[in-house]
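Coordinates in review
The chain contents come next:
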Amino acid sequence: MFVARSIAADHKDLIHDVSYDFHGRRMATCSSDQSVKVWDKSENGEWHCTASWKTHSGSVWRVTWAHPEFGQVLASCSFDRTAAVWEEIVGESNDKQRGLSHWIKRTTLVDSRTSVTDVKFAPKHMGLMLTTCSADGVVRIYEAPDVMNLSQWSLQHEISCKLSCSCISWNPSSSRAHSPMFAVGSDDGNVTYGGKVQIYEYNENTRKYAKAETLMTVTDAVHDIAFAPNLGRSFHVLAIATKDVRIFKLVPMRKESTSTGPTKLEVQIVAQFDNHNSQVWRVSWNITSTLLASSGDDGCVRLWKANYMDNWKCTGILKGDGSPLTGSSGQPTAMSTAVGSSVQTSQSTLNGMSAGRYFFPPLDPPRAGTGYGHLLPPSSLLEHCDAEPTQPLPHRLYSRALLPLPEAEGV
């Protein structure tokens, strides 16, 4: 039997983002109160706030963890047009500080002229690299040449995407057959401009990133984007959160021996679901790329899985308060199938200012539209879901006021 529990977040404003570390034992939250909080999970499964500090002079949109190989490192981005890198230091200077950790700012990245809307660390095999995207339509890639000195970051690439950027995702493939690749989504509200998702690939000859593909069929604002873990596939899988959930397969075409341009990609849409009947705000894969979670303005998390014939269907629906929901709300599209059995889960909930009155408060400007909270599973905690989709699934909720945390036995 699993029950929902609440944890006081003590943020003074709406919570925008939650991010789990590589092991799923730590998480960070950020808010419009300009602060970031770090939470640690105890042995008995309780979450405790171990650090809280003001990070920016504007709303903090996103927070993300670096791979633990580089230490305990966070990055945040804000409406104040900056991104910042933070490192946890364990005090040893005196008896009072000994054994206690605190976070210090290593650098502030100030190249953007507008709000920095997303920040992501590159896959660890590429080294310690950080990518930001901004409302000015520019993606910037920074590198720390010395991982022992996080105060030094150099701007390596500046890519203009022409449209306002809302989200980015790195292709995690470490195969030598695949060049470094990332996707960027745009929340530009003008539907007359197609291609709200652009794919960029690194060219070894020019040592620059070039546009490999534009997904012209995506014409609505994109709120989130996520490459699936590769696991040795020859092709790439990309999930997109827009007015619905879409899953694309990107198949690299064989390169000519004399070709110096980016790899041409054959784009195939393998699934499209409008079951949320509303804007979809977050998509997230489990670590084996066999399960996709999505969340939208309907206040539900929906879990999607493909069978051996690569036909995707919904295997579970979870309401925002943690209770399972039986049946499907809304008619699936032609590519979707009937909803499967509902999934029970245990969740903890972080209460913000409006917790007593609203579960999913509207997003405040300048973020896109009137979105609501977003629920996602931490990828590092979902590796057990592939074996039996009806077992409890840990997950995470992105909300400005309430944030469920992963809480499952055996994780």
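For the structure, check the block above.
Everything quoted here is computed from the prediction, not taken from an experiment.

A count of helices and strands for the chain gives zero helices and 29 strands. A buried classification covers 55% of the 411 residues belonging to the chain. On the chain, roughly 17,500 Å² of surface is accessible, and the fraction owed to carbon and sulfur atoms is 50%.

Turning to the environment of Arg 207, a few remarks are in order. By secondary structure assignment, the location of Arg 207 is in the loop between strand 16 (197–203) and strand 17 (208–215). On the basis of relative accessible area, Arg 207 is assigned to the exposed category, the value being 62%. In sequence terms Arg 207 and His 157 are 50 residues apart; their C-alpha atoms lie 9.6 Å from each other.

Taken as a whole and assessed by the stated rule, the structure comprises four cavities of 30 Å³ or more. Counted as a void, the second largest cavity has a volume near 50 Å³. Lining the second largest cavity, in full, are Arg 81, Thr 82, Ala 83, Leu 109, Asp 111, Ser 112, Val 116, Thr 132, Ser 134, Arg 140 and Tyr 142. Taken together, the elements giving at least two residues each to the lining of the second largest cavity come down to strand 11 (129–134) and strand 12 (138–143).

Moving on, we come to the sheet that holds strand 10 (residues 116–121). Overall, antiparallel pairing links the four strands, which are arranged 10-11-12-13 in an open sheet. Edge positions in the open sheet fall to strand 10 and strand 13 (154–160), since each of these has one partner strand only. In this sheet, adjacent strand axes meet at a mean angle of 20 degrees when their direction is disregarded.

We now examine the environment of Gly 24. Here Gly 24 shows up in the loop between strand 2 (15–20) and strand 3 (26–31). Put simply, Gly 24 and Lys 41 are 17 residues apart on the chain and 8.7 Å apart in space, counted from C-alpha to C-alpha.

This paragraph deals with the pattern of salt bridges. All chains considered together, the criterion is met by twelve salt bridges. Note that Asp 118 is salt-bridged to Arg 62, the shortest N-O span being 3.7 Å. Here the residue Asp 118 occupies a position in strand 10, and Arg 62 occupies one in strand 6 (residues 60–65), the gap between them amounting to 56 residues. For the pair formed by Asp 118 and Arg 62, the shared burial category is buried. Connected through shared salt-bridge partners, Arg 62, Asp 118, Lys 120 and Asp 224 make up one network.

A separate point is the environment of Lys 211. Its place among the elements puts Lys 211 in strand 17. What makes Lys 211 partly exposed here is its relative accessible area of 39%. For the pair Lys 211 and Lys 264, spaced 53 residues apart in sequence, the C-alpha to C-alpha distance is 9.7 Å. The residues touching Lys 211, leaving out its near neighbours within four places in the chain, are Gln 198, Ile 199, Tyr 200 and Pro 262. One polar contact links Lys 211 to Gln 198, side chain to side chain, over a distance of 3.5 Å.

Read across the sheet, four strands follow the order 22-23-24-25 without closing on themselves; strand pairing throughout is antiparallel. The open sheet has two edge strands with one neighbour each: strand 22 (280–285) and strand 25 (312–319). Each strand axis lies, on average, 20 degrees off the axis of its neighbour in the sheet, ignoring direction. Summarising the sheet, strand 24 (residues 300–306) and strand 25 pair through seven bridges and their orientation is antiparallel. Bridge pairing in strand 25 links Ala 306 to Trp 312.

Applying the stated criterion across every chain, the model contains zero disulfides. As a non-bridged cysteine, Cys 77 has Cys 30 as the owner of its nearest cysteine sulfur, 7.4 Å distant. Judged by its relative accessible area of 0%, Cys 77 falls in the buried class. No disulfide involves Cys 165; its sulfur sits 4.0 Å from that of Cys 161, the nearest cysteine.

Turning next to the packing of aromatic side chains. Taken as a whole and judged by the stated rule, the model has twelve aromatic pairs. A centroid spacing of 6.3 Å and a plane angle of 70 degrees characterise the contact between Trp 61 and Phe 79, whose relative ring orientation is edge-to-face. Of the two residues, Trp 61 is situated in strand 6 and Phe 79 in the loop between strand 7 (73–78) and strand 8 (83–90); the sequence distance between them amounts to 18 residues. With a centroid separation of 3.9 Å and 20 degrees between ring planes, the pair formed by Phe 273 and Trp 304 is classed as stacked. In this pair, Phe 273 is assigned in strand 21 (residues 265–273) and Trp 304 in strand 24, connecting sequence segments 31 residues apart. Residue Phe 273 shares its accessibility class with Trp 304, and that shared class is buried. Aromatic ring contacts, followed pair by pair, group Trp 170, Phe 182, Tyr 200, Tyr 202 and Tyr 209 into a single cluster.

Calculation rules
Residues numbered from 1 in each chain as written. Predicted model: local features only at pLDDT ≥ 70, side-chain atom pairs only at ≥ 80, totals over all residues. Heavy atoms only, no water. Helix = DSSP H or I, 4+ residues; strand = E, 2+ residues; numbered from the N terminus. Buried < 20%, exposed > 50% of the residue type's maximum accessible area, 1.4 Å probe, protein only. Areas by Shrake-Rupley, 256 points an atom, 1.4 Å probe, with all protein chains shown as cover. 1 Å grid on protein atoms, 1.4 Å probe; cavity = no way out; pocket = protein on both sides within 12 Å on 5 of 7 lines; lining within 4 Å. Points joined across faces, edges and corners; volume = space filled by probe spheres on them. Pairing = 2+ DSSP bridges. Axes fitted to C-alpha atoms, helices over the stretch in contact; angles between N-to-C directions. Salt bridge = Lys/Arg side-chain N within 4 Å of Asp/Glu carboxyl O. Contact = heavy atoms within 4.5 Å. Polar contact = N/O pair within 3.5 Å; in protein donor to acceptor, adjacent residues only side chain to side chain. Disulfide = S-S within 2.5 Å. Phe/Tyr/Trp six-rings, centres within 6.5 Å; stacked < 30°, edge-to-face > 60°.

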